[in-house]
Amino acid sequence: MLQCIFLLSDSGEVMLEKQLTGHRVDRSICDWFWDHVISQGDSLKSQPVIASPTHYLFQVVREGITFLACTQVEMPPLMGIEFLCRVSDVLSDYLGGLNEDVIKDNFVIVYELLDEMIDNGFPLTTEPNILREMIAPPNIVSKVLSVVTGNSSNVSDTLPGATGSCIPWRAADPKYANNEVYVDLVEEMDAVINRDGVLVKCEVYGEVRVNSHLSGLPDLTLSFANPSILDDVRFHPCVRFRPWESHQILSFVPPDGEFKLMSYRVKKLKSTPIYVKPQLSSDAGKCRVNVLVGIRNDHGKTIDSITLQFQLPPCILSADLTSNTGTVNILGNKTCSWSIGRIPKDKTPSLSGTLVLESELERLHVFPTFRVGFKIMGVALSGLQIDKLDLKTAPSRLYKGFRALTRAGEFEVRS
Amino acid sequence: MFPQFGATAETLSKASTMVFRIGTDAHLYDDPDDVNIAPLLDSKYDSEKCEALKRLLALIAQGLDVSNFFPQVVKNVASQSLELKKLVYLYLLHYAEKHPNEALLSINCFQKDLGDPNALVRAWALRTMAGIRLHVIAPLVLVAVSKCARDPSVYVRKCAANALPKLHDLRQEEHNSTIEEIVGILLNDHSPAVVGAAAASFASVCPYNLSLIGRNYRKLCEILPDVEEWGQIVLIGILLRYAIARHGLVKESIMSSLKCSENFHAEKHVSDDNMGLGKESSDSWAYDSESVNMVFRCYIESPDEYLSRSSYANRASFELNGAQFTSGKTNDDVKILLYSTSPLLWSNNSAVVLAAAGVHCIMAPKEDVKRIIKPLLFILRSSNASKFVVLNNIQVFAKAMPSLFAPHHEDFFIYSSDSYQVKALKVEILSSIATDSSISSIFKEFQDYIRDPDRRFAAATVAAIGLCALRLPRMAHICVDGLLALTRQGLFLFSYFVLSVCLDRIKVPAARAMIIWMMGEYSSLGEIIPRMLTTVLKYLAWCFTLEALETKLQILNTVSKVLLGATGEHLSTYKKVFSYLVELAECDLNYNVRDRSRFLKKLLSYNFVSEGVEEITCCHVVVDCIFKKQTREVKAESINYRVYLPGSLSHIVLHAAPGYEPLPKPCSLLLDDFNKPEGTCAIVKGAGDHGTSSDPSDNESASDYDSQHSFTGSSSGAHADDNESSEGNENPDPLIQFSDIGNASEIQDGVFHSSPANLGEISNRALESWLEEQPGSSNPGILEQSQACKSLARISIGDVGRRIKRKSHSLLEAANGNGLKVDYSFSSEISTISHLLVCIEVFFKNCSSETITEITLVDEESNIASNDDVPTLVPMEKISSLEPGQTTRMILQVHFHHHLLPLKLALFHDGEKLPVKLWPDIGYFVKPLPMDVQAFADKESRLPGMFEYTRRCTFAGHIEERNKEFGDSLLNKDKYLAICESLAVKMLSNANISLVSVDMPVEAKLEDASGLRLRFSSEILSSSLPCLITITVEGKCSDPLNLSTKVNCEETVFALNLLNRIISFLVEPAY
């Protein structure tokens, strides 16, 4: 089980330590860790499990903050990693983002949360809804109050009722004047287009996000028109497994507020909404770049915020890239970013220019991979359709809303 | 563009953060002790106390010790404010162990709180009380826990379950039975939340008491889907252990391949029919029975146990008989376990999915295992950190059942955002699941990967292509053609190299013949291949007699082709090889070979005279006519040794982590156990019980095993540096040896015929180790290291020996010693008397004009004590007289006992006594331990982690040297060589060690010495423990270099001292 959790800033400073068991972990382990991060660079940063001389370390890095957990005994490594991910999610939810300042500013809350989330190295309460009831998130009102009155407690006086119920994710008995449920399909398209311009793989990872404001203990069922296209699914704990197994129906008592009901994936899609055609040719110490972007097939929805990013090869001396639409920026880490936005009706966006190679190089052997970003509102590219959403114990008025959104996930075009 | 705006924006953002920080605890974190905390704690206002405690907490967060406030804080435990209580508890738990007496004061309050009507107060009191960890209060806590275990509030009961491991941790035997009893009660709880926590405490309190599970097994299975996710992870493991201990393994599962290997193949075909995966995939349901067998065996026995036994060739001792198997179709307990874990494959928590997948892999009938595939692939996308862990597990699953993953190969295609480790794992998995139908698309991907900017990954891909060719002999031509295309581009010379490395592994004559043909065909390509050729040809000549007919013919062709194309320096070697081969071939049993050899001999002997073009083409025609493509079955490569249970930590770090337990022995839990009084340990613990007591050295044995496979003899690749190459050509013995072959080619000047066996053996080993090396197969540390080694060329430095200058220290100045001058220097000689003694050369010089007589050195304290720990001097012979101007050399032998303080000696001459001090040098407490690179790396891999110390320093020795030699003819001397030499000389002049190897990275830039690596080895005199030193260079050739010096040694204190000494002499200027 976990023995200690450290929060490190992006400069390696230990911002917080929380000892979890009687076997205390000295913070010198962080020095060891940081020394190795410095000496081995990114290869250690990307290693989630590290065997140090004295402890096994799990690390999760989020927005520059390193969450480091130590253990000395066998335990499932994914449990440690998942827990750290959960901690970072909860913290970023509480503090409205993660960075060094916000953690230091709210260190008391972080301590209280950690104390509630893990007991003796084993996760205790990780359900965000219950945590919110136990420890109030910092908000403007409480801040102002604390300034004015000089004291305010963010620790709840009583135990949230949900801890005892068999649906621990739902706060007990909320009351709403308007009963509303919103269901969003948020999809991310992963695609790889290889050097020959062939679509090697194209799949969609989607999430069903639900925002529910329902009084009492609602029991919802959600069904899809075409569940057969789903390749695999994962559920929020509130989803009952058996109805899904037998009829592909989601039956659940929702948590209050916003949550991820289910994630799914749809494989082997046939086409992408946009095409990217890079052409690179290299000789005589130069490399000519020409990239075309266009809409492949019209979904009837506008494609927004199209961006194209690629890493310039390390042996490039200078780059002169221009585009007929949008803006081209070359960032400090040799990343070229071309933000197009919407594709204009009258022309095809293109990026062209030359890269000058280092003097001793004749040709470029390594061509960059283009990462594409886009966003399409109002359509789920997987084709998944929600059939209906029912509430068993229907209150007088129920407002239901559905939305869909697709954006690019790992969308890569190799050249 | 507008700096002034930037500045404004910055100040604005600063200002805005200031605004946001109002009302938070920012000021407390920034200046926790800007007010006096003590009076605040005694304040009568809760808010002030809160503030004080927050400040204390901030100090704790910043790593300061504020335990001195403990007494004042404890007083506040009785406060009614919950926030204050919480803060006090946080503080209390942090320091309770330091102040047991004061902590006791709080007990009464806890006792009172335990009776509070507010469940939250009860729970907190229990948590804190149990967390205080004082032996004296353990009985009180036990009572409190057993009371809370029956509390009406679920939350309190959950906390009670969590409190049990804390109590158990105090290791008070008398409470164990009570604790286990409470675990039993809580496991039987009707609330899933409590059961989950109880499962966790069961796992840490009494994991062997499976009879506790037996009573509730069904109920636990049924409740499992409702348990909290964290509890599920632990509970799944417990239920699996119980099912195996109670019912044994499942006949229809993959684990059943353990039953007996003879039946295995028959059974395999039966199961394939059940698979229903289509004809094609059942054909390739070819898991390597032996390796899968081994992995699964290790799940049951501990790997150490299994491996140690197998090394004694005594595998048969552990037999699983039929009685230890059950049928998954008829056994209800197994069925319910599988039934209740299958929905967990849909869990949002990737750890739960992996745990459930592990159960299915081990227990499910083969035809049902496929249901774990999609969930496993799905959790690959959960987070970057878990991706690595999941892939590690998939790797084993994929090796055990490649056919199941084969249709999903697209999921392992890499994204540019993947980290190197993830990429390497994916490529390895791809190479192991490739089938005849998917290889073409996989190969297309591989071709893209080869162009990845990350050279390590490109190299891993080339290796993976090699593996694919080995696995799928029918498709080998695609792979070989692809590599060939690369070779043609001259872009990736190392692909050629990979092929030659493959040569040793590929046993199929046709494949060997094909590769040998390639060597001949492309013998003149690029810079490296011609230099490699000598050794490759020698290797071929050595194994000629063992080859198949086809290969023999091809070898003859190749050698003649090489000979035809050869020019310059190597021609004579090739000729020698050729004539040797022809001689061998003429006596061959096969007339074809004899025929060919005579034909070629005739042809070439003519060719040497006339150098005609026609003959060459003629020869090529012959070659082409004879060459035929054929492919036959190739044995699949063996599985990596990930022998720990899927999902475990040990599986990732590749050694048994403390507390790792293999699965219980099948059917070791008997029915009678249910009738036994509880508390007695019911299950026969596996003999591999190295559990919690396992110390690092224990782990060594396990990781050793892996490291043999992950170790790379640093292997070479292409080297682009022209400067370097030309240097190499000029040298009589090559400056850079491509080390795989390098080992072998060291013998090249020796009599070639006399040592073929030796040559073969060495290159065998080197080649094998290269091929065995697979990215991701080693533990992180070794991985790094092996990756770093990957593209290194070995440099041999000429004789540094003559440049070594031992440092001379002065023992006595002539002015103080009435004309007697005594100098000493540490000698590399090894004492003949005892291995504990360090030899010191002492020079006595008479600087006066009179004869000095009766000189002797004695230990000043020798008469005081002669106990073992004090440095002692072996009595020295007396120098009867020393003429003016005469110098006498004596060898002094001292037993320093690793003392680093100066040794006080008394120097007598002419009846006078002079006290002198001799400064020990830890660099000479060791002696050289010659070894080859492989042995070095092998030893190094056994000394990881705590046995390893690294320090950095800068080194400017090579610059001084260059300045000194400026104007000499050495201007054009190679910079690398200069650095290597000056480093080596410095090291060897200051410590009694031996140089093992000098490696430089192949892709080194002209001026950049980064990656240069020197290895030295030595042995501690007193303990004969090896002590390994590695110096890695960073920086530009012409600037001072950054050195990172690493010492690996079992004697850690010694290693540290030695390291410090090395750093100090590396830093100090040379002259």
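If you're wondering where the values come from, they're calculated on a predicted model, not measured in any experiment.

Trainee: Can you walk me through the overall build of chain A in this structure?
Mentor: Summing up its helical and strand segments, chain A has eight helices and 23 strands in all. In chain A, which comprises 415 residues, the proportion classed as buried is 56%. Pairs at least 24 residues apart make up 68% of the contacts formed inside chain A by residues separated by at least 6 positions. Here chain A has roughly 16600 Å² of accessible surface; of this, 50% comes from carbon and sulfur atoms.

Trainee: Help me understand the packing of aromatic side chains, please; the structure alone is not making it clear to me.
Mentor: In this description, a pair of aromatic rings is defined by centroid distance and the angle of the planes. For the coordinates displayed, the defined rule picks out 19 aromatic pairs over all chains. Summarising the aromatic geometry, the rings of A:Tyr205 and B:Phe378 are spaced 5.7 Å apart at their centres and angled 40° between planes, so their arrangement reads as tilted. Taken together, the positions of A:Tyr205 in strand S9 (residues 199-213) and B:Phe378 in helix H22 (residues 373-379) put the pair across two chains. Aromatic pair A:Phe374 and A:Phe411: ring centres 5.7 Å apart, planes at 80°, arrangement edge-to-face.

Trainee: For this particular structure, what's the right way to read the interface of chain B and chain A?
Mentor: Interface size, as often reported, equals the accessible area lost upon joining of the parts. Each partner contributes residues to the interface: chain B has 108 residues there, and chain A has 106 residues. In total, chain B and chain A occlude about 9500 Å² of area from one another, counting both sides; carbon and sulfur atoms represent 56% of this. Sorting the residues of chain B by area buried against chain A places B:Trp230, B:Trp346 and B:Phe378 first, and these three jointly supply 10% of that buried surface. Across the contact surface, chain B and chain A share 15 salt bridges. Counting across the chain B and chain A interface gives 34 residue pairs in polar contact (both at pLDDT 80 or more). The element that contributes the greatest number of residues to the side of chain B that touches chain A is helix H11 (residues 154-169) of chain B, accounting for seven residues.

Trainee: Sorry, what's going on with the pattern of salt bridges here?
Mentor: Side-chain pairing between opposite charges can occur once the charged atoms of the two side chains come close. Using the criterion set out here, one finds 48 salt bridges over all chains in the structure. The salt bridge involving A:Arg265 is made with B:Asp411; its shortest N-O contact spans 2.9 Å. Of this pair, A:Arg265 sits in strand S13 (residues 257-266) while B:Asp411 sits in the loop between helix H24 (402-405) and helix H25 (420-433), which puts the two residues in different chains. A relative accessible area of 0% places A:Arg265 in the buried class. By relative accessible area, B:Asp411 is classed as buried at 6%.

Trainee: Is there a simple way to think about the sheet that holds strand S10 (residues 220-224) of chain A in this case?
Mentor: In a beta sheet, neighbouring strands pair by backbone hydrogen bonds and run either parallel or antiparallel. Residues and elements named next belong to chain A. Across the sheet, three strands lie side by side as S12-S10-S22; this open sheet has antiparallel pairing. With partners counted over all chains shown, the strands left at the sheet margins are strand S12 (249-252) and strand S22 (386-391), one partner each. Across the sheet, the mean angle separating the axes of adjacent strands is 15° when strand polarity is ignored. As judged from the four bridges shared by S10 and S12, these two strands associate in the antiparallel manner. When the bridges of S12 are listed, Ser223 appears paired with Ile249.

Trainee: Please explain the packing of helix H23 (residues 384-400) of chain B against H25(B) as it appears in this structure.
Mentor: Angle between the axes and distance between the axes are the two parameters that describe a pair of packed helices. All names here are of chain B. H25 packs onto H23 with a crossing angle of 15° between their chain directions and a minimal axis gap of 10 Å. Relative to H25, the element H23 lies roughly parallel. Between H23 and H25 lies a crossing of left-handed hand. Contacts from Lys387, Phe388, Leu391, Asn392, Ile394, Gln395, Ala398 and Lys399 of H23 reach H25 at Gln421, Val422, Leu425, Lys426, Glu428, Ile429, Ser432 and Ile433. Residue composition of the contact of H23 with H25, by class: eight nonpolar, four polar and four charged.

Trainee: Looking at this structure, I do not really get the packing of helix H15 (residues 229-247) of chain B against helix H20 (residues 332-341) of chain B. What am I missing?
Mentor: Residue and element names in this part refer to chain B. As a packed pair, H15 and H20 sit with axes 10 Å apart at the nearest point and diverge in direction by 165°. Put simply, H15 runs roughly antiparallel to H20. For the pair H15 and H20, the sense of crossing is left-handed. Of the residues in H20, those in contact with Ile236, Leu239, Leu240, Tyr242, Ala243 and His247 of H15 are Asp333, Leu337 and Thr341. Among the residues forming the contact of H15 with H20, the class breakdown is six nonpolar, two polar and one charged.

Trainee: Teacher, can you tell me more about the environment of B:Leu105 here?
Mentor: The residue B:Leu105 is located in helix H7 (residues 100-105) in this model. You can call B:Leu105 exposed: its relative accessible area is 60%.

Trainee: Just checking my understanding: could you explain the environment of A:Leu131 for this structure?
Mentor: Residue and element names in this part refer to chain A. Residue placement: Leu131 occurs in helix H6 (residues 128-134). When its relative accessible area of 0% is taken as the criterion, Leu131 is described as buried. On a C-alpha basis, the gap between Leu131 and Glu112 in space is 10.0 Å, while along the polypeptide they are 19 residues apart. Apart from the residues lying within four places of it in its own chain, the contact partners of Leu131 are Val90, Tyr94, Leu113, Glu116, Met117, Thr125 and Thr126.

Trainee: I would appreciate a short explanation of helix H14 (residues 210-223) of chain B in the present structure.
Mentor: Residue and element names in this part refer to chain B. At Asn216, H14 shows its maximal bend, which comes to roughly 70°. Among the 14 residues of H14, 10 are classified as buried, and the element is accordingly described as predominantly covered. Those residues of H14 lying buried are Leu210, Ser211, Leu212, Ile213, Gly214, Asn216, Tyr217, Leu220, Cys221 and Ile223. Against the buried residues of H14 lie helix H12 (176-187), helix H13 (192-205), H15 and H20.

Trainee: Honestly, the sheet that holds strand S23 (residues 398-414) of chain A in this entry has me stumped. Any pointers?
Mentor: Residues and elements named next belong to chain A. Strands sit in the order S11-S13-S9-S8-S23-S21-S16-S19-S18 across an open sheet of nine strands; the sheet is mixed. In this open sheet, the two edge strands, each paired with only one partner strand, are strand S11 (232-235) and strand S18 (327-330). Neighbour to neighbour, the strand axes of the sheet diverge by 15° on average, direction disregarded. Of the strand pairs in this sheet, strand S8 (residues 179-193) and S23 are connected by 14 bridges, and their pairing is parallel. Note that in S23 the partner of Glu188 across the bridge is Arg407.

Trainee: Looking at this model, I keep getting lost on H12(B). Mind explaining?
Mentor: Along an α-helix, residues three or four positions apart point the same way, because every turn accommodates 3.6 residues. Helix length check: H12(B), at 12 residues, gives a terminal C-alpha distance of 16 Å against a target of 16 Å (1.5 Å per residue), a fit within 8%. Residues B:Ile179, B:Glu180, B:Ile182, B:Val183, B:Gly184, B:Leu186 and B:Leu187 constitute the buried set of H12(B).

Trainee: I tried to follow the nonpolar core on my own but got confused; where do I start?
Mentor: Among soluble globular proteins, nonpolar side chains are generally buried collectively. Core analysis: the largest hydrophobic core is formed by 292 residues, its most contacted members being A:Leu261, A:Met262, A:Phe374 and B:Phe405. Top element by residues in this core is H15(B). It accounts for 12 residues. Counting 67 residues, the second-largest nonpolar core is a separate cluster that includes B:Leu812, B:Leu988, B:Val1047 and B:Ile1062.

Trainee: How do you make sense of the side chain of B:Asp448 when you look at a structure like this?
Mentor: Looking at where B:Asp448 falls in the secondary structure, it is placed in helix H26 (residues 439-450). The class of B:Asp448 is buried, set by a relative accessible area of 7%. Separated by 3.1 Å, the side chains of B:Asp448 and A:Arg414 make a polar contact. Those residues in contact with B:Asp448, other than ones at most four positions away along the chain, are A:Asn194, A:Arg195 and A:Arg414.

The rules behind the values
Residues numbered from 1 in each chain as written. Chains lettered and ligands numbered in written order. Predicted model: local features only at pLDDT ≥ 70, side-chain atom pairs only at ≥ 80, totals over all residues. Heavy atoms only, no water. Helix = DSSP H or I, 4+ residues; strand = E, 2+ residues; numbered from the N terminus. Buried < 20%, exposed > 50% of the residue type's maximum accessible area, 1.4 Å probe, protein only. Contact = heavy atoms within 4.5 Å. Areas by Shrake-Rupley, 256 points an atom, 1.4 Å probe, with all protein chains shown as cover. Phe/Tyr/Trp six-rings, centres within 6.5 Å; stacked < 30°, edge-to-face > 60°. Buried area = accessible area lost by both parts, 1.4 Å probe. Salt bridge = Lys/Arg side-chain N within 4 Å of Asp/Glu carboxyl O. Polar contact = N/O pair within 3.5 Å; in protein donor to acceptor, adjacent residues only side chain to side chain. Pairing = 2+ DSSP bridges. Axes fitted to C-alpha atoms, helices over the stretch in contact; angles between N-to-C directions. Parallel < 35°, antiparallel > 145°, perpendicular 65-115°, else oblique. Left-handed = near helix turned anticlockwise from the far one by under 90°. Nonpolar A, V, L, I, M, F, W, Y, C, P; charged D, E, K, R; others polar. Bend = angle between axes of the 7 residues up to and from the residue. Expected span 1.5 Å × (residues − 1). Core = buried A, V, L, I, M, F, W, Y, C linked by side-chain atoms within 4.5 Å.

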